[in-house]
Amino acid sequence: MRKFLILTSAAGALLAASAAFADVELTFRFNDGEREEMRAALDAFEADNPGITVELQTIAWGDSREQFLREGAVGQGPDVVHIAFVWTQEMAEAGIVMPIDEMTQYGEFANGFDDFIATDLTMYDGRAWGVPWSADTWAMVYRTDVLAEAGVEAMPETWDELLAASRTVAAETGKTGFAFPAADQVWFPFNYYLWSNGLTLVEEDGAGGYQPGVSIEELAAALDYFGTYINEELVPRSVLAIEVPHDPALLQALLDGSQAMAVMPTNTYRQLLSAFEEANPGAEVPFASGAMMGGSEGPQTHLGGRTLVVNSNTDHPAEAWQLLQYLTEAGLFETYYTNQFPAQRTLLSQIEYRSEELGFADQLANHTRTWGAYAESGAGVGQLWNLTARSVGSALSGQVTSTEAAEQLLVEIERVLDN
Amino acid sequence: MALSPTARDRINAFWMLFPTFLILVGFYLYPTLYNLELSFTDITLLQLRQGGENVGLANYTEFLTSPSFFDIAFNTVVWLTAISVSLKLLLGLLFALLLNSRFVAGLRLTTVTRLMLLVPWATPPVVAVIAWRWLFDPTHGAINQALLWTGLIDDPVAFLAELTTVWPSIVTIIVWNTTPLIAVSLLAALQTIPEELNEAAAIDGATTWQQFRFVTLPYLMPTISVLGLMSVIWTFNNFVYVWLATGAGPGTYTNVLATEIYLRAFVDLRIGYSSAIGIVMAVVMALFGALYFRFFGLSDMQDKVG
């Protein structure tokens, strides 16, 4: 009996000890396409950190914002979450992410938090709530051989020149000049058009509030500009259903040379280059990138990117922070997450761009702006995005006139600003 | 005091139904009441932990007076519900009559045709919409390829982006995916009709149409009534077909009540406002159900044919 008690006690102690040193299981929600690469990166992290295992979880970007908001509100959700720059303040307001100054007790970043770009977008109530992870923007992409075939010698630099070049390509080759996603992510080129003409959907009113920074006539003119491509049949009407720049219809047209110009983010361009090289080994790459079009003012695109946040409901803040630090190291961007630019000044300065990517490098370094008043006004970039994309869709599809769409959009912007 | 057998039966029945009652209260009544409570607040998805403030009927007023209300209501009632439900009832009846006919039986195709009919029904709605999106695709879609090949069109049609084709395309997807259930249900009802009735009608000189009109149809009406009611409720509340096919676009052209709830709740983050839309939908369906039973008199009809 005594032996049995000793054995039982020993077994109990062993179980207790093993529980104390049991594996920590973290969940990392990552929504980009590089799932296999990220799994390989996490495998390397697990090998370097025995006792920590990481489950990789992915959901569609379109659902990820509200999904995490719902989970966080009821004490659930992944430990480390990959979100858009402009969602960080919302997540902080909802109280579902941990402030960075509480996390740094578990370790500092190699070059300090100040080395990260766009940290202003992580600030809420005077504190930072996320770590900028990757940076991106959109720029122009050209199929140089198609432009040469059409006799377009100089790359367009203004929106008017872009339209003229599209007309030339259509007339000389029968191909598509400039094509764009006309649903959902038309939000980006539409804003670039406004910004490059000194306009903005939301601006500070000088009295501590916010107001629309564009008139009905100016909005209608912007809608008419994009509508011209459809009305003159410079692009197939099917673009009305295209939501994203990486839609197969757009990318395939660039790959097979039936389209000359497009606008897209960095990672899409890198995927395009890879796809071309894979399909045409050894062939000269007929792509170039360039800065976005200018209007009455210079070209401007958004400084976009992703933030990493730690869920305030996590049971393992130290390990979550350890994972987050690993994900921001240079090696991750060099080996695994190669389609993205790191959101750190030191790492950005060390990037060696391919000649085809110089337009993106120029755009990112010299012609970007943050969403600024869009995010700070409290209207929410997501809400403005949805309203704008639907107004553009309404006007371009012929559901309403451009003036009616502009009027409706301004009414809606004023409503969300009031709210 | 000894209970009568009837009283004991009633008590037994009550206790046997009690678990179901609890489940209904927990999973239906409580969420409904909670949704009703939220609809009177300005709660957003960012304030779930703090809760919202009471705004009375403001959400209802805003929705019912919004400029887009009429378009959304029209899309939901006419395109999404009335047209698609009418089409699937009509097609379901035709398929059921065909499958029950001597013609199909004579060709020894009864089993094959019934199995083929079940394929669309067995396809999950999400898969059905994705498959149809590919079929409708302007660049690679089989429908455009076929129309171009036959010379019926000169340029590909963006079926899900053109104002003239987008609603018929959505209705096509809904009808394809849901008609088999109607057809199978009506087929089962058809097989309960005594053959002698049609034989007697034929002897009395009734034409095929008259046999259908005065013998078959009255027998099918109770089934058609129930299927109609269920189809209206399922379709009216449906989110998947429109959202996955068009995302409520182009613009807001195919926005319906269910997609409006999603947009307001998860894009605008206004949970209180979207709850109000949900309550409006529930009230509309409850009223429809009450009127439907009143006009169709389901029990009367059963008496007539029973």
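Definitions and limits used
- Numbers given to residues run from 1 along each chain, matching the order in which its sequence is written.
- Both sets of labels track the order of writing: A upward for chains, 1 upward for ligands.
- Thresholds applied to this predicted model are a pLDDT of at least 70 for local features of residues and 80 or more for the giving and counting of side-chain atom pairs; totals over whole chains, interfaces and linings are not thresholded and use all residues.
- Residue-level confidence of the predictor is summarised by pLDDT, bounded by 0 at the bottom and 100 at the top.
- Two strands qualify as a pair provided DSSP detects at least 2 bridges between them.
- Note on conventions: DSSP H or I runs of at least 4 residues are helices, E runs of at least 2 residues are strands, and numbering of each starts at the N terminus.
- In this analysis, axes come from line fits to C-alpha atoms, helices being fitted only over the stretch in contact, and the angle between any two N-to-C directions falls in the range 0 to 180 degrees.
- Note that contacts rest on C-beta atoms placed from the backbone: two residues are in contact if these are within 7 Å.
- Residues were grouped as follows: Ala, Val, Leu, Ile, Met, Phe, Trp, Tyr, Cys and Pro as nonpolar; Asp, Glu, Lys and Arg as charged; and all remaining residues, including Gly, as polar.
- Two helices cross in a left-handed way if the nearer one is turned anticlockwise from the farther one by less than a right angle. They cross in a right-handed way if the turn is clockwise.
- If the strands point away from the viewer and the path from the first strand over the helix to the second runs clockwise, then the crossover is right-handed.
- Residues with at least 20 neighbouring C-beta atoms inside 10 Å of their own are called buried, those with 12 or fewer are called exposed, and the rest are partly exposed, where every C-beta is derived from the backbone.

Another point: the confidence of the model for chain B. Of the residues in chain B, 96% reach a pLDDT of 70 or more, and the chain-wide mean stands at 92. Predicted as a complex, the structure gets a pTM of 0.88 and an ipTM equal to 0.85.

Moving on, we get to the sheet that holds strand 7 (residues 138-143) of chain A. All names here are of chain A. Within the open sheet, the four strands sit side by side as 8-11-7-12. Their pairing is mixed. At either margin of the open sheet sits one strand with a lone partner, and together these are strand 8 (176-179) and strand 12 (287-290). Going across the sheet, the axis of each strand differs from the next one's by a mean of 20 degrees, ignoring polarity. Examined bridge by bridge, strand 7 and strand 11 (residues 259-265) share five bridges and lie antiparallel to one another.

The next point concerns the interface of chain B and chain A. With 22 residues of chain B at the contact, the number on the chain A side is 24 residues. When its residues are assigned to classes, the side of chain B that touches chain A shows 15 nonpolar, four polar and three charged.

The next subject is the packing of helix 3 (residues 69-99) of chain B against helix 10 (residues 208-236) of chain B. All names here are of chain B. One way to put it is that helix 3 packs onto helix 10 with a least axis distance of 9 Å and a crossing angle of 145 degrees. For the crossing formed where helix 3 meets helix 10, the hand is right-handed. Together, Thr76, Leu80, Thr81, Ser84, Val85, Lys88 and Leu89 of helix 3 and Ile224, Leu227, Gly228, Ser231, Val232, Thr235 and Phe236 of helix 10 make up the contact between the two elements.

Residues and elements named next belong to chain A. In this structure, strand 1 (residues 24-29) lies alongside strand 2 (residues 52-57), joined through six bridges in parallel fashion. Residue pairing in the sheet places Leu26 in a bridge with Val54 of strand 2. As for the winding sense of the linkage, the β-α-β connection from strand 1 through helix 2 (residues 35-48) to strand 2 is right-handed. Where strand 1 meets strand 3 (residues 80-84), two bridges bridge the pair, whose relative direction is parallel. By the bridge assignment, Arg29 is partnered in strand 3 with Val81.

Residues and elements named next belong to chain A. Following the sequence through the fold, Ile230 ends up in helix 9 (residues 216-231). Looking at Ile230, the number of C-beta atoms within 10 Å reads 18, which means it is partly exposed. In sequence terms Ile230 and Ala179 are 51 residues apart; their C-alpha atoms lie 9.6 Å from each other. Those residues in contact with Ile230 that sit more than four places away from it in its chain are Val235, Arg237 and Leu396.

With that settled, the discussion passes to the confidence of the model for chain A. Taken as a whole, chain A shows an average pLDDT of 92; of its residues, 95% reach a score of 70 or greater. Contacts for the low-pLDDT stretch residues 14-21 of chain A, under 50 throughout, to residues beyond four places or in other chains number one contact.

A few words now on unusual backbone geometry. Residues and elements named next belong to chain B. Here the residue pair Gly249 and Pro250 is connected by a cis peptide bond, since its omega of 0 degrees sits within 30 degrees of zero. Mapped onto the fold, Pro250 is located in the loop between helix 11 (240-246) and helix 12 (257-266). If you check the backbone angles, Ala248 has positive phi at about 75 degrees while not being a glycine. Even without being a glycine, Leu269 presents a positive backbone phi close to 70 degrees. On the secondary structure map, Leu269 appears in the loop between helix 12 and helix 13 (271-296). By the C-beta count within 10 Å, which is 23 here, Leu269 ends up buried.

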